[in-house]
Amino acid sequence: MSLVEDHDFGTPAVKSAVTVSLTIDGNTVSVPAGTSIMRAAAEMGTSVPKLCATDSVKAFGSCRLCLVEVEGRAGTPASCTTPVAEGMVVRTQTERLKRLRKGVMELYISDHPLDCLTCGANGDCELQDMAGAVGLREVRYGYEGESHTKLEKDQSNPYFDYDPSKCIVCSRCVRACEETQGTFALTIEGRGFDSRVSPGAHEDFLSSECVSCGACVQACPTATLIEKSVVEIGQPEHSVVTTCAYCGVGCSFKAEMRGDELVRMVPWKDGKANRGHSCVKGRFAWGYATHKDRILKPMIRAHISAPWQEVTWDEAFAHVAAEFGRIQGQYGKDAIGGITSSRCTNEETYLVQKMIRAGFGNNNVDTCARVCHSPTGYGLKTAFGTSAGTQDFDSVEETDVVIVIGANPTDGHPVFASRLKKRLRQGARLIVIDPRRTDLVKSPHIKADYHLPLRPGTNVAVVTALAHVIVTEGLVNEKFVRDFCDWSEFEDWAAFVADPRHAPEAVETLTGVPAAAMRGAARLFATGGNGAIYYGLGVTEHSQGTTTVMAIANLALATGNLGRAGVGVNPLRGQNNVQGSCDMGSFPHEFPGYRHVSDDATREIFEKLWGVPLSNEPGLRIPNMFDAALDGSFKGLYVQGEDIVQSDPDTHHVTSGLSAMECVVVHDLFLNETANYAHVFLPGSTFLEKDGTFTNAERRINRVRKVMAPKNGLADWEVTQKMAQSLGMAMNYTHPSEIMAEIAATTPSFAGVSYARLEELGSVQWPCNEKAPTGTPIMHIGGFARGKGKFVITEYVPTDEKTGPRFPLLLTTGRILSQYNVGAQTRRTANTAWHPEDLLEIHPHDAENRGLKDGDFVRLQSRAGETTLRAHVTDRVAPGVVYTTFHHPETQANVITTDYSDWATNCPEYKVTAVQVAPSNGPSEWQEHYREHAARSRRIKAAE
């Protein structure tokens, strides 16, 4: 095995229909017009020496190492900044060029520490490579003069070091921060001899605006910016390309190894979702995989207050089979069920639903998508005929107007956010619909044209008001509607939204958004060119989540923003495989491919393959499982990779339901909050320890490749298979590729997917079948899967959760960049340096009325429960609105949230909870108890 190499062409590729031919070192090459000489040479296999140039950022022309000679031109131009021309004759190697390059390198080396043998970048240093490339063997200038070789290191960042003594001021890190990441956290401070890279206003990296995406580290040609892991472990010697297991962007990475030890995760340039970029989580927060808290042996106990007993895998499987068999014998076959994981692979999720349907004999299977994006599936299937987003991420490069509603991409989907910000800096317009002033509203070099800070719970009213303006002002794309939609349905919808009660002026008081802003945003979206809509959990996690998804679809249909690049309706999926877990049939009413369990033809496909009769009745959804447990009819649950106690709403209801069950099986990496109510614990494996696929938010199926052996002995698919075998099922796969073959054989949208196809193409986007053998980047070109696009009347129905004298504020929740979901993974990494606890954001006006200051402990109370956390006083939220994250279990934010849910899918209404905030003396008694219990568990684990 060896390192997977990313070839660097020096400058970015150019898109041009015009081709230019030139001669380089006697060879003819043809490239797109506008291509640099450096890239043209690289494409024909000739490497021109370089230091400041790299193909991930625009050419800079500062190092003077890439000089070439061009026939008919005076001087020696830099090849990175000189475009090709028809008939140009270039020489990259002459005696004159050799002399000039060697002189340049002498200057660099004369001001550089000569510690190559002990340097962490030894063997992976472009300065070292270029010294060899130009034949430098001595430095005429000596090393006695003034230099930068004694400058102090900045080691504040938990993941990488900054050593300015090794900086050659090539500006690659600065340009990567600006062009790739879009944070603008770095600058070149000083002039001339005093020039050096500086984060922020001469701050250290940890204190600066740096978001630790790693782009600067990746761009650095020396050891100036270098991963601490490389310094500690040494240079990697082999790598495997795999897919990140955090958010729904689905970034591809090279897992670079030394032996069986992971050294670093490097974003893969050929990754079609991330194009060589990364965020702090995917790039650096992988240490949880080897964290001491991981449970590596199965455990059982008689009841939830008893101590855990370690057992063998076979003993654990036999125990589960016996208990589930006993429960079904006593209470009936519908008394048990399971929850699949959106963090596990498609293949693993497929096996879990197969085990439940064919082994348990019921359809009591659900997934965490129930509590996040189930309204997306229902709403988009209704409007378009498919339960997924319409575009690939590349599409954002061709958009002209973007609506971001109920999403915070810079925190939740940061790699996509960087691509979006880049397009905004190029001139695209932006509308943000969010109760909170997110970073997209205003940050360096971008500013939203409109921010509509709506009152939580009024999404439908705002989107319908936008539609009102589009219809009443004659801004509908009538040709698109007549060609691709049901005209009579459109007329009914148009009459509905044109009603004066939906006018911006009529809903201004209700939504809190100025009517003029709504009118301006609607006009901009309808007339601004290619219009794309991106949304997140701020849309779906409402009692009208499905209604809002359909209202968004109406907006796209009415303006004709579907079926081509730069447009579309694009849900930003939260977890790495939420899309895949839904695709694989994790809902109680659907087989893989979103086919209803009552459909005889579909059921027959699986009955013939699996050899058992299957139920045609939909099973229980997650909240129904808890209800059934409390009424005594549901007694056994298998939970794969999901901490439902921390992540699901109305925590008291969840824990009461779990406490009423007789056998709860938790299959996970760590003893999470749900494991407190478990009778069996099956240790899970990380994405680094398994083969399979993830499907990201753009329907892209990416390979997950095993880079190390499972520390628990079994990959998750093997755990499910052995559990199924213990139930008497004939499940005998030898590799996940065989599971994918079964998925392809039974699921039309996956019919053309195979591991061979994924190896050949890198990734594909479903549908992938005979009609689209290489996948479908953009959906609904020339028509919709359902036939005609469907307009749906979206009546605004106020949530039952009301504010009043006791609970006058509205709580909404979200995520932060450095943490992920319930924090089980990121809290076990150095990411806690940025977010050690959840905070409650509160407007200065509301804080002053309650006598609160920034950092004070406050009691957060709702009709469902209460908790305590610190206040962060900020005008990011409007008066009357408070906001918190849910990454730390001691906060227990979901003790506060209610059991209200979406009318169609039971997706919980996390985003609207009436609360009161009051001063507190500190953490509550139960929080102190939790912290003591957690600390005691850590001590016991450390002692082991």
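Small disclaimer: the values here were computed from a predicted structure and weren't measured.

Here we take up the overall build of the chain. Scanning the chain for helices and strands turns up 29 helices and 36 strands. At 29 Å, the chain has a C-alpha radius of gyration in line with the 30 Å of a compact globule built from 944 residues. Counting only C-alpha atoms, the chain reaches 90 × 70 × 65 Å along its principal axes. Residue burial in the chain is summarised as follows: out of 944 residues, 62% are buried. Nonlocal contacts in the chain, meaning residues at least 24 apart in sequence, comprise 72% of its contacts between residues at least 6 apart. Accessible area of the chain: about 34,300 Å², with a carbon and sulfur share of 50%.

What follows deals with the packing of aromatic side chains. Taken as a whole and judged by the stated rule, the model has 23 aromatic pairs. Considering the side-chain rings of phenylalanine 393 and phenylalanine 416, the 5.4 Å spacing of their centres and the 40° angle between planes classify their relative orientation as tilted. Residue phenylalanine 393 is located in the loop between α10 (374–384) and β16 (401–405), and its partner phenylalanine 416 is located in helix α12 (residues 414–425); the two are separated by 23 residues in the primary sequence. A relative accessible area of 2% places phenylalanine 416 in the buried class.

Bringing the side chain of histidine 502 into the picture now. In this fold, histidine 502 is placed in the loop between α15 (487–498) and α16 (504–511). On the basis of relative accessible area, histidine 502 is assigned to the buried category, the value being 7%. The residues contacting histidine 502, other than those within four sequence positions of it, are Thr464, Ala465, His468, Phe496, Val497, Val507 and Glu795.

Along the chain, the position of lysine 272 falls in the loop between β11 (261–267) and α7 (280–284). Taking the C-alpha atoms as reference points, lysine 272 and tryptophan 717, separated by 445 residues in sequence, lie 26 Å from one another. Lysine 272 has contacts with Asp394, Arg419, Glu698, Arg700, Leu761 and Ser763, leaving out every residue within four places of it along the chain. A distance of 3.0 Å separates the side chain of lysine 272 from the backbone oxygen of leucine 761, its partner in a polar contact.

Attention now goes to the pairing of strand β36 (residues 913–919). Among the seven residues in β36, five count as buried, and that is most of the element. In the sheet, strand β31 (residues 809–814) pairs with β36 via three bridges, with the strands oriented antiparallel. Each bridged residue has a counterpart across the sheet, and for leucine 810 the counterpart in β36 is alanine 914. Across five bridges, strand β33 (residues 857–862) lies against β36 in antiparallel orientation. What sits directly across from valine 858, in β36, is proline 919.

Counted under the stated rule, the structure contains 10 cavities of 30 Å³ or more. Lining the largest cavity are 41 residues, with Leu537, Gly538, Thr813, Gly814 and Lys911 positioned closest to its centre. Elements represented by at least two residues in the lining of the largest cavity include exactly α11 (409–412), α18 (537–540) and β31. Grouping the amino acids of the lining of the largest cavity by side-chain chemistry returns 15 nonpolar, 18 polar and eight charged. Of the voids in this model, the second largest cavity is the one considered here, and its volume is about 230 Å³. Around the second largest cavity sit 19 residues that line it, and Arg343, Gly641, Asp668, Leu669 and Ser685 are the ones nearest its centre. Residue composition of the lining of the second largest cavity, by class: seven nonpolar, eight polar and four charged.

We now examine the packing of helix α13 (residues 459–472) against helix α17 (residues 515–527). It is at 9 Å that the axes of α13 and α17 come closest, and there the two elements cross at 65°. You can see that α13 and α17 cross each other, and the crossing is right-handed. Where α13 abuts α17, its residues Val462, Ala465, Leu466, His468, Val469 and Ile470 lie against Met518, Arg519, Ala521, Ala522, Arg523 and Ala526. Of the residues belonging to the contact of α13 with α17, the class tally is nine nonpolar, one polar and two charged.

So, about the nonpolar core. Core analysis: the biggest nonpolar cluster contains 68 residues, and Phe160 and Leu225 have the highest contact counts within it. By residue number, the principal contributor to this core is α12, which donates four residues. Apart from the residues lying within four places of it in its own chain, the contact partners of phenylalanine 160 are Phe205, Cys210, Ser212, Cys216, Val217, Leu225, Ile226, Glu227, Lys228 and Phe284. Judged by nonpolar contacts, the second largest core, of 58 residues, contains Ala316, Phe317, Phe591 and Cys663.

As a further point, take the side chain of histidine 112. As for its placement among the helices and strands, histidine 112 is situated in the loop between α2 (95–110) and α3 (126–133). Residues in contact with histidine 112, not counting those within four places in the same chain, are Leu127, Thr149, Ser165, Lys166 and Ile168.

Scanning the entire structure with this criterion turns up 56 salt bridges. One salt bridge in this structure joins arginine 419 and glutamate 397, with 2.8 Å as the shortest N-O distance. A residue pair is termed long-range when its members are at least 10 positions apart, and arginine 419 in helix α12 and glutamate 397 in the loop between α10 and β16 qualify at 22 residues. Given a relative accessible area of 12%, arginine 419 falls into the buried group. Note that arginine 757 and glutamate 760 form a salt bridge whose closest N and O atoms lie 3.9 Å from each other. Here the residue arginine 757 and the residue glutamate 760 both occupy positions in helix α27 (residues 755–761), the gap between them amounting to three residues, near one helical turn.

As a further point, take the sheet that holds strand β2 (residues 27–32). With respect to topology, four strands assemble into an open sheet ordered β2-β1-β4-β3, the strand pairing being mixed. Strands with a single pairing partner mark the edges of an open sheet, and in this sheet they are β2 and β3 (69–70). For strand β1 (residues 19–24) and β2, the ladder comprises six bridges, and the chain directions are antiparallel. Each residue of the ladder has a partner; that of isoleucine 24, found in β2, is asparagine 27.

Moving on: the sheet that holds strand β34 (residues 866–873). Ordered by their spatial adjacency, six strands build a closed barrel running β31-β35-β32-β34-β33-β36, and the pairing between neighbours is mixed. Adjacent strand axes in the sheet meet at a mean angle of 45°, parallel and antiparallel pairs treated alike. Sheet analysis places strand β32 (residues 839–842) next to β34, joined by four bridges and oriented parallel. Bridge pairing links leucine 840 to alanine 871 in β34.

So, on to α2. With 16 residues, α2 extends 23 Å between its outermost C-alpha atoms, agreeing within 8% with the 22 Å of an ideal straight helix rising 1.5 Å per residue. Listed as buried for α2 are Leu97, Arg101, Gly103, Val104, Met105, Glu106, Tyr108, Ile109 and Ser110. At its buried positions, α2 is contacted by β3, β4 (89–91) and α3.

Attention shifts here to the environment of valine 415. The residue valine 415 is located in helix α12 in this model. Residue classification places valine 415 among the buried residues on the basis of a relative accessible area of 3%. Separated by 164 residues in the primary sequence, valine 415 and cysteine 251 place their C-alpha atoms 8.1 Å from one another. Non-local contacts of valine 415, meaning those with residues more than four positions away in its chain, are made with Val249, Cys251, Asn274, His277, Ser278 and Cys279.

Where β32 lies against strand β35 (residues 881–885), three bridges are found, and the strand directions are antiparallel. By the bridge assignment for β35, leucine 840 is matched with threonine 884.

What counts and how
- Residues numbered from 1 in each chain as written.
- Predicted model: local features only at pLDDT ≥ 70, side-chain atom pairs only at ≥ 80, totals over all residues.
- Heavy atoms only, no water.
- Helix = DSSP H or I, 4+ residues; strand = E, 2+ residues; numbered from the N terminus.
- Rg over C-alpha atoms; globule rule 2.2 N^0.38 Å.
- Buried < 20%, exposed > 50% of the residue type's maximum accessible area, 1.4 Å probe, protein only.
- Contact = heavy atoms within 4.5 Å.
- Areas by Shrake-Rupley, 256 points an atom, 1.4 Å probe, with all protein chains shown as cover.
- Phe/Tyr/Trp six-rings, centres within 6.5 Å; stacked < 30°, edge-to-face > 60°.
- Polar contact = N/O pair within 3.5 Å; in protein donor to acceptor, adjacent residues only side chain to side chain.
- Pairing = 2+ DSSP bridges.
- 1 Å grid on protein atoms, 1.4 Å probe; cavity = no way out; pocket = protein on both sides within 12 Å on 5 of 7 lines; lining within 4 Å.
- Points joined across faces, edges and corners; volume = space filled by probe spheres on them.
- Nonpolar A, V, L, I, M, F, W, Y, C, P; charged D, E, K, R; others polar.
- Axes fitted to C-alpha atoms, helices over the stretch in contact; angles between N-to-C directions.
- Left-handed = near helix turned anticlockwise from the far one by under 90°.
- Core = buried A, V, L, I, M, F, W, Y, C linked by side-chain atoms within 4.5 Å.
- Salt bridge = Lys/Arg side-chain N within 4 Å of Asp/Glu carboxyl O.
- Expected span 1.5 Å × (residues − 1).

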